[in-house]
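Inside the fold
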Amino acid sequence: MAWIDLNADLGEADNLTPTDVAVLDSISSVSIACGFHAGSPEVMRATSVAATARGVAIGAHVSYRDRAGFGRRELEVPPGQLQADIEEQVALLRQVAGEAEVDAEVAYVKPHGALYNRMGRDPDTASVVIEAARRCDPPVMLLAQAGTDVVGRGRDAGLSVIGEAFCDRAYRPDGTLVPRSEPGAVITDPDEVARRAVSLVLDGGVEAVGGYWLAIMADSLCVHGDSPGAAESSRAVRAALIEAGITIRAFAGPPP
């Protein structure tokens, strides 16, 4: 039976938005902003409560310390400090999620924005992120872009790494994401997002810019919570996957 995890990055506004709630109704895992690029303890708490009520697995969406740039600027941070920053963000979300009113576990970590992209192409940054995930007590899984070296490096280090693909972002033929500064980088048509999601699961890849076929083997698909029409896209993706006979379940949850 084909299955896939469907995740989204949420908790990035000043409150739990109606869009966040609508997206949570469609996904199986949520990466919650931990305050460094967006979010707050209050939003983390509200998002965790809403996720737990829906049986959605929780992960820490960690970033450079860059609220002004929404974590989308590459910063030069000493490795030791970056590792400590990642561990601090996971610990903060764990503290919030462990409160009696929430009572949830933080199962994984997913870097955000510039840190995510740099991790996929820079071995030194990848090593810092992997070590931070391993040093968490208990260690957390790592959600990373499928096809990048960080997946193999993390697994070689004994970490559980989940390969992720994006159904609402355009890819270049080399497997990198089209920069957000370029036209067409973010796909907002729900039907097209859904079509690409099914292709990624059943066909093992997706069409890149220029019409090239890009093979991607992923265990999780991401719909960005801050993209235009995120609620509509997440609903369309869920419906299309189910119609295609694909089971949606959290990679951090028990097997079906």
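The preceding data block contains the structure.
Figured I'd write up the structure that's included with this text. Just so it is clear, the structure is predicted and the values come from calculations on it, not from any experiment. (Residues numbered from 1 in each chain as written. Predicted model: local features only at pLDDT ≥ 70, side-chain atom pairs only at ≥ 80, totals over all residues. Heavy atoms only, no water.)

1. Focus: the overall build of the protein chain
What counts here: Secondary structure is summarised from DSSP: a helix means a run of H or I of at least four residues, a strand means a run of E of at least two, and numbering begins at the N terminus for each. As defined in this context, the radius of gyration uses C-alpha atoms, and a globule is described by 2.2 Å times the residue total to the power 0.38. In this scheme, a residue with accessible area under 20% of its type's maximum is buried, one over 50% is exposed, and one in between is partly exposed, where area comes from a 1.4 Å probe on protein chains only. We treat Lys and Arg as the positive residues and Asp and Glu as the negative residues; His and chain ends play no part in the count. A charged residue contributes its charge at one atom only: NZ of Lys, CZ of Arg, CG of Asp or CD of Glu.
The number of helices and strands found in the protein chain is 8 helices and 10 strands. The C-alpha atoms of the protein chain give a radius of gyration of 17 Å, which matches the 18 Å a tight globule of 256 residues would have. Its C-alpha atoms put the protein chain at 40 × 40 × 35 Å along the principal axes. Out of the 256 residues belonging to the protein chain, those deemed buried represent 54%. For the protein chain, the distance from the average position of its 22 positive side-chain charges to the average position of its 36 negative side-chain charges is 2 Å.

2. Some thoughts on the side chain of Gln89
Where we set the bar: In what follows, a contact means two residues having at least one pair of non-hydrogen atoms within 4.5 Å.
Within the secondary structure, Gln89 sits in helix α3 (residues 79–97). Every residue in contact with Gln89, bar those within four places of it in the chain, is listed here: Cys34, Phe36, His61, Val62 and Ser63.

3. Let's talk about unusual backbone geometry
In the segment running from Asp137 into Pro138, the intervening peptide bond is cis, with an omega of 0°. Inspection of the secondary structure puts Pro138 in the loop between α5 (123–135) and β5 (141–145). Positive phi outside glycine occurs at Phe70, with the angle close to 55°. Counting through the fold element by element, Phe70 comes out in the loop between β3 (57–62) and α3. On the basis of relative accessible area, Phe70 is assigned to the partly exposed category, the value being 21%. Non-glycine residue Asp103 carries a positive phi angle of around 55°. Within the secondary structure, Asp103 is located in the loop between α3 and β4 (106–111). Using a relative accessible area of 64% as the deciding quantity, one classes Asp103 as exposed.

4. Re the state of the cysteines
In plain terms, the rule: Here, a disulfide means two cysteine sulfur atoms that sit within 2.5 Å of each other.
Overall, the coordinates contain 0 disulfides when judged by the stated rule. Cys167 supplies the cysteine sulfur nearest to Cys222, a cysteine that is in no disulfide, at a spacing of 7.2 Å.

5. Notes on the environment of Gly204
One can find Gly204 in the loop between α7 (190–203) and β7 (205–207). Sequence separation between Gly204 and Ala60 is 144 residues, and the spatial gap between their C-alpha atoms is 27 Å. Not counting the four nearest positions on each side in its chain, Gly204 is found in contact with Ser199, Trp213, Leu214, Ala215, Ile216 and Met217.

6. Some words on the packing of aromatic side chains
For clarity, the threshold we go by: Each Phe, Tyr or Trp ring (for Trp, its six-membered ring) is paired with any other whose centre lies within 6.5 Å, and the angle between the two planes then decides the class: stacked below 30 degrees, edge-to-face above 60, tilted in between.
Applying the stated criterion to the full structure yields 2 aromatic pairs. A ring pair is formed by Tyr116 and Phe166, whose centres lie 5.8 Å apart and whose planes are at 80°; its orientation type is edge-to-face. Here Phe166 lies in strand β6 (residues 161–166) and Tyr116 lies in helix α4 (residues 113–121), a separation of 50 residues in the sequence. On the basis of relative accessible area, Tyr116 is assigned to the buried category, the value being 5%. With relative accessibility at 3%, the residue Phe166 sits in the buried group.

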